[in-house]
Amino acid sequence: MSGVVWYIICRKRKTNRRRFDMTEEQALTKFVRCTRFNDLDGAREALQFISPETVNRQDADGRDMLIRAVAAHNTCAVEALLDGRCDLTHKEKHSGKTAVDLAMEYPEKSRIRQLFLLKKYHPAAPFNLGIACERNDAEVVAAHLPPGCHPSLNENFVYPMPPGFLQELLLARAVRANAAAVVKLLLERGADPDAFCRKNEKTPRELAADKPEIRKLFGGR
């Protein structure tokens, strides 16, 4: 009998199986097997027997379990690991990127990218205003902006970007994400919709050409 068939049979019988304690080694084996077969419930169950120290342990390349899962395009593993036990500050040695940085390189509609955007920030994670814009989280953005109107909002380096990426205006990022609440906040704080964005080679107003709600917020500005 093939391994795949045996695994399916075991999963169908899971309601009749008695729960038992696993060693961490057994749990790691189960986690790998479950994520391979896209069994999210099984992966989450296995994680209950894996210590946070093991989850966050970095190998010689600086990769922990979450970074490896993101790099391997393993959506099931990423979703299981993002339940709050991961240290999102860990970085790969060769690239200097965190799991969040790697996830943001996926296409906009990628499941892995969306999983990171849907999760609240881990308390230890480096804050990224760009991600907050994509989540249209005006409350989080407001908490990390300078008080009142500030000229830095119209400069092209107002939030962290991975090395090698052109930096862009925070308002431009919010417009691209169609994040109306964040756009409104930034305008109230003095962001200029006609400031030139180096990354996009357009102004936020030009980027809003196909976004009626954002254009309405710009109004006659």
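Bear in mind that the values here come from a model prediction, so they are computed numbers and not experimental data. (Residues numbered from 1 in each chain as written. Predicted model: local features only at pLDDT ≥ 70, side-chain atom pairs only at ≥ 80, totals over all residues. Heavy atoms only, no water.)

Along its length, the protein chain carries 14 helices and zero strands. Each helix and strand of the protein chain, placed in order from N terminus to C terminus, yields the pattern α-α-α-α-α-α-α-α-α-α-α-α-α-α. Buried residues in the protein chain amount to 44% of all 221 residues. By sequence separation, contacts in the protein chain at least 24 residues apart represent 59% of the contacts at least 6 residues apart. Roughly 12300 Å² of accessible area belongs to the protein chain as shown, and the carbon and sulfur atoms make up 52% of that amount. (Helix = DSSP H or I, 4+ residues; strand = E, 2+ residues; numbered from the N terminus. Buried < 20%, exposed > 50% of the residue type's maximum accessible area, 1.4 Å probe, protein only. Contact = heavy atoms within 4.5 Å. Areas by Shrake-Rupley, 256 points an atom, 1.4 Å probe, with all protein chains shown as cover.)

Right, let's talk about the packing of helix α2 (residues 24-36) against helix α3 (residues 40-47) for a bit. In the contact formed by α2 and α3, the axes pass within 8 Å of each other and the chain directions differ by 165°. It follows from the interaxial angle that α2 and α3 lie roughly antiparallel. In this structure, α2 meets α3 at a crossing whose hand is left-handed. When α2 is examined against α3, the residues Ala-27, Lys-30, Phe-31, Cys-34 and Thr-35 are found in contact with a partner set consisting of Gly-42, Ala-43, Glu-45, Ala-46 and Leu-47. (Axes fitted to C-alpha atoms, helices over the stretch in contact; angles between N-to-C directions. Parallel < 35°, antiparallel > 145°, perpendicular 65-115°, else oblique. Left-handed = near helix turned anticlockwise from the far one by under 90°.)

As a further point, take the nonpolar core. Core analysis: the biggest nonpolar cluster contains 31 residues, and Phe-31, Leu-66, Val-70, Val-78, Leu-81 and Phe-116 have the highest contact counts within it. Discounting chain neighbours no more than four positions away, the residues touching Val-70 are Val-78, Ala-99, Leu-102, Ala-103, Tyr-106, Ile-112 and Phe-116. Counting residues in each nonpolar core, the second largest holds 25 residues, with Leu-145, Leu-169, Ala-179 and Ala-191 among its members. (Core = buried A, V, L, I, M, F, W, Y, C linked by side-chain atoms within 4.5 Å.)

When the terminal C-alpha atoms of α2 are compared, their 18 Å separation across 13 residues agrees well with the 18 Å that a helix rising 1.5 Å per residue should span. Those residues of α2 not exposed but buried are Ala-27, Lys-30, Phe-31, Cys-34 and Thr-35. Buried positions in α2, seen along its axis, are confined to an arc of 125° and lie on one side of it. Residues of α2 that are exposed and angled more than 90 degrees away from the buried face: Glu-25, Val-32 and Arg-36. Asn-38, located one to two residues past α2, shows a positive phi value of around 60°. (Expected span 1.5 Å × (residues − 1). Arc of directions from axis to C-beta.)

This brings us to α3. By the burial criterion, the buried members of α3 are Leu-40, Gly-42, Ala-43, Ala-46 and Leu-47. Projected onto a plane normal to the axis of α3, the buried residues spread over an arc of 160° and lie on a single side.

Here the structure, examined in full by the defined rule, presents nine salt bridges. Residues Glu-79 and Arg-111 are paired through a salt bridge, measuring 3.3 Å at the closest nitrogen-oxygen approach. Remark: Arg-111 occurs in helix α8 (residues 111-118) and Glu-79 occurs in helix α6 (residues 75-81); sequence separation between them is 32 residues. Judged by relative accessible area, Glu-79 falls into the buried class, the value being 17%. (Salt bridge = Lys/Arg side-chain N within 4 Å of Asp/Glu carboxyl O.)

A few words on the side chain of Lys-211. Note on placement: Lys-211 falls in the loop between α13 (204-207) and α14 (212-218). Its relative accessible area of 14% is what places Lys-211 among the buried residues. Beyond its immediate sequence surroundings of up to four residues, Lys-211 is in contact with Val-175, Arg-176 and Asn-178.

Relative to the elements of secondary structure, Arg-113 occurs in helix α8. The class for Arg-113 is buried, based on a relative accessible area of 6%. The spatial distance from the C-alpha of Arg-113 to the C-alpha of Asp-101 is 9.7 Å, given a sequence separation of twelve residues. Among the polar contacts listed, one links the side chain of Arg-113 to the backbone oxygen of Met-104, at a separation of 2.5 Å. Side-chain polar atoms of Arg-113 contact the backbone oxygen of Tyr-106, separated by 3.3 Å. (Polar contact = N/O pair within 3.5 Å; in protein donor to acceptor, adjacent residues only side chain to side chain.)

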